[in-house]
Amino acid sequence: MPEPAPFNPITFMEARQSREVGKHVVYRESVDSTMDLARARANEGAPHGTLVLAEEQTAGRGRRGRSFYSPAMENLYFTLVLRCPMDVHRRLPVIVPLAVCEAIREFVPAAAVKWPNDIWVSERKACGMLIDAEISAGGAVAFPGIGINVNGDPTLQPELRDIATSLAREAGAPVSRERLLAGICNRLEALLEADEHEVALRYRELSCILGREVTVHPHAGEAFSGMATEIAETGDLAVLMADGRTEWVTAADVTLRPKSSA
Ligand code: BTN
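Numbers given to residues run from 1 along each chain, matching the order in which its sequence is written. For this predicted model, a pLDDT threshold of at least 70 governs which residues receive local features, and a threshold of 80 or more governs which side-chain atom pairs are given and counted, while totals over whole chains, interfaces and linings are taken from all residues. Water and hydrogen atoms play no part in the side-chain values, which are based on all heavy atoms of the structure.

> Hey, could you run me through the site of the ligand in this one?
Around the ligand sit 18 residues, and of these Ser-33, Gln-57, Arg-61, Arg-63 and Lys-125 come closest. Side-chain atoms alone can form a polar contact between residues adjacent in sequence; in general such a contact is a pair of N or O atoms within 3.5 Å, and within protein one must be able to donate a hydrogen while the other accepts it. At a separation of 3.0 Å, a nitrogen atom of the ligand approaches a polar side-chain atom of Thr-34. Lys-125 is positioned such that a nitrogen or oxygen atom in its side chain is 2.5 Å from an oxygen atom of the ligand. Here the open area of atoms and residues is found with the Shrake-Rupley method and a 1.4 Å probe, where only the protein chains shown may cover a residue. Contact with the protein chains removes 99% of the 410 Å² of surface that the ligand exposes when unbound. Cavity membership is defined here by more than half of the atoms lying within 2 Å of grid points; on that basis the ligand lies in the largest pocket. Listing elements by their share of the shell around the ligand, those giving two or more residues are helix H2 (34–43), strand S3 (76–81), strand S6 (124–136) and strand S7 (139–148). Nearness is defined per residue: one heavy atom within 4 Å of the molecule or strand is enough. A 1.4 Å probe that fits into a set of points on a 1 Å grid over the protein atoms alone but cannot get out defines a cavity; an open set with protein on both sides within 12 Å along at least five of seven lines defines a pocket, and lining residues are those with an atom within 4 Å of a point. More than half of a molecule's atoms within 2 Å of the grid points is what it takes for that molecule to sit in a cavity or pocket. Secondary structure elements are taken from DSSP: a helix is a run of H or I of four residues or more, a strand is a run of E of two residues or more, and numbering for both begins at the N terminus.

Rendered as C-alpha cells:
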C-alpha cells in the first residue's frame, strides 16, 4: 500500500469542475465525525455543496448505530451539506450512491451499488454511506456522509478481513483521493440536475442486487427472503417472495445469497 500523504487541496481544486458542490471546503486533520461538524456548519448557514472533509475520524458513524473504521490519511471521510428542492431531496438515496459509484468506476470499473447505499467490489464493501436530513420551514437540508476505503487495507483488521476491501487493493495501484473526490463532486452536481428516470436507470444498471436472492432485515420487523426485482426513483426496493407477493422496503439492510459457482 502507498505511504499515506495529506490531502492536496490544489490537486482537488484543479480536478473539480462543479459550480457549487465542493466549492466551500471545511478540512480537519481529525474530528469525531464529519456528520456532527457538517450539521454544526449548516446551522451556521453553510451554503449548498459545502464539503466537510477529515483525514481521520475518532468516532466515525455507520448506519444503525454501527461504528465506521476511519484510520488517518489513507481514505476519504466526508459529509456534504445539500440544500435541494424537495423533489430532488427525496431522490438523494439514489442520486448520491450513483454519483459515488460512477466516480469510483473511473478507477475500479467493477464497482457496483449494493442497496441501499454501499459500494461493493468483488462482493466486498469498499464504501459506506448514510444520509441524515433536517426538514424545517426554511427547506430541507441533507447530510450525505461517505466513507471510502481508498488506499488503506481494511483486511488487516480481523473483523473486516473477509467483508471489506479498498480501491487500491482492487485496482492494484494507489488511487488519487483528490481526483476521486473531485469526480464525486462533479458527478453529484450533474445528477442533482438530471432527469429522474435517467438517474434511476443508471442506478439500476450499477446495482449488484437486482435479480439476486436476498434476505431483507427491516429496521422494524421480521427478516424475510426473496428476489430483488426493482428499485424505485426514491430508492425503495421491491422484493418478490416465494408466495408471489411483492414487498416494497424503504429502511432495511439486505444480505445476498452467495452466487452459485455452478
Ligand atoms: C455505513 O456503512 O454504515 C455507513 C458509513 C458512513 C461513514 C461515513 S465516513 C464520513 C461520515 N462521517 C461519519 O461518521 N460517517 C460517515
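> Is there a simple way to explain the packing of helix H4 (residues 92–105) against helix H7 (residues 196–205) in this structure?
Geometry of a packed helix pair, given as the angle between the helix axes and the separation of the axes. The axes are straight lines fitted to the C-alpha atoms, using for helices just the contacting stretch, and the angles between their N-to-C directions are given from 0 to 180°. Across the interface, H4 lies against H7 with an axial gap of 10 Å and an inter-helix angle of 55 degrees. If you check the angle between H4 and H7, you find them oblique. Classified by chirality, the crossing of H7 by H4 is left-handed. Every residue of H7 that contacts H4 at Pro-93, Val-94, Ile-95, Pro-97, Leu-98 and Glu-102 is listed here: Val-199, Ala-200, Arg-202 and Tyr-203. Across the contact of H4 with H7, the residue classes tally to eight nonpolar, no polar and two charged. Angles are sorted into four bins: roughly parallel if under 35 degrees, roughly antiparallel if over 145, roughly perpendicular if 65 to 115, and oblique for all others. For any helix crossing, the convention is left-handed if the near helix is rotated counterclockwise from the far helix by under a right angle, and right-handed if that rotation is clockwise. Contacts are assigned to residue pairs that have any heavy atoms within 4.5 Å of one another. In this count, Pro and Cys sit with the nonpolar residues alongside Ala, Val, Leu, Ile, Met, Phe, Trp and Tyr, while Asp, Glu, Lys and Arg are called charged and the others, Gly among them, polar.

> Any chance you could explain a nonpolar patch on the surface here in plain terms?
Here, patches come from residues exposed beyond 30% relative accessible area and free of salt bridges, joined within 9 Å for like charges and within 5 Å for nonpolar side chains (Val, Leu, Ile, Met, Phe, Trp, Tyr). Definition used for salt bridges: Asp or Glu carboxyl oxygen within 4 Å of a side-chain nitrogen of Lys or Arg. Taken together, the side chains of Met-13, Val-25 and Tyr-27 present a nonpolar region at the surface, about 220 Å² in accessible area. Secondary-structure assignment places Val-25 in strand S1 (residues 25–31). Exposure categories follow from relative accessible area, calculated using a 1.4 Å probe and restricted to protein chains: below 20% of the type maximum is buried, above 50% is exposed, and the middle band is partly exposed. According to the relative accessible area criterion, Val-25 is partly exposed, its value standing at 36%.

> For this particular structure, what's the right way to read the sheet that holds strand S12 (residues 252–256)?
The strands that make up a sheet are held in pairs by hydrogen bonds between backbone atoms, and each pair lies either parallel or antiparallel. Ordered by their spatial adjacency, five strands build an open sheet running S11-S10-S9-S8-S12, and the pairing between neighbours is antiparallel. Of all strands in the sheet, those bounded by a partner on one side alone are strand S11 (246–249) and S12. Direction aside, the axes of adjacent strands within the sheet are offset by 45 degrees on average. Alignment of strand S10 (residues 237–240) against S11, held across four bridges, turns out to be antiparallel. Within the sheet, the bridge partner assigned to Ala-238 lies in S11 and is Trp-248. The pairing criterion is simple: DSSP has to find at least two bridges between the two strands.

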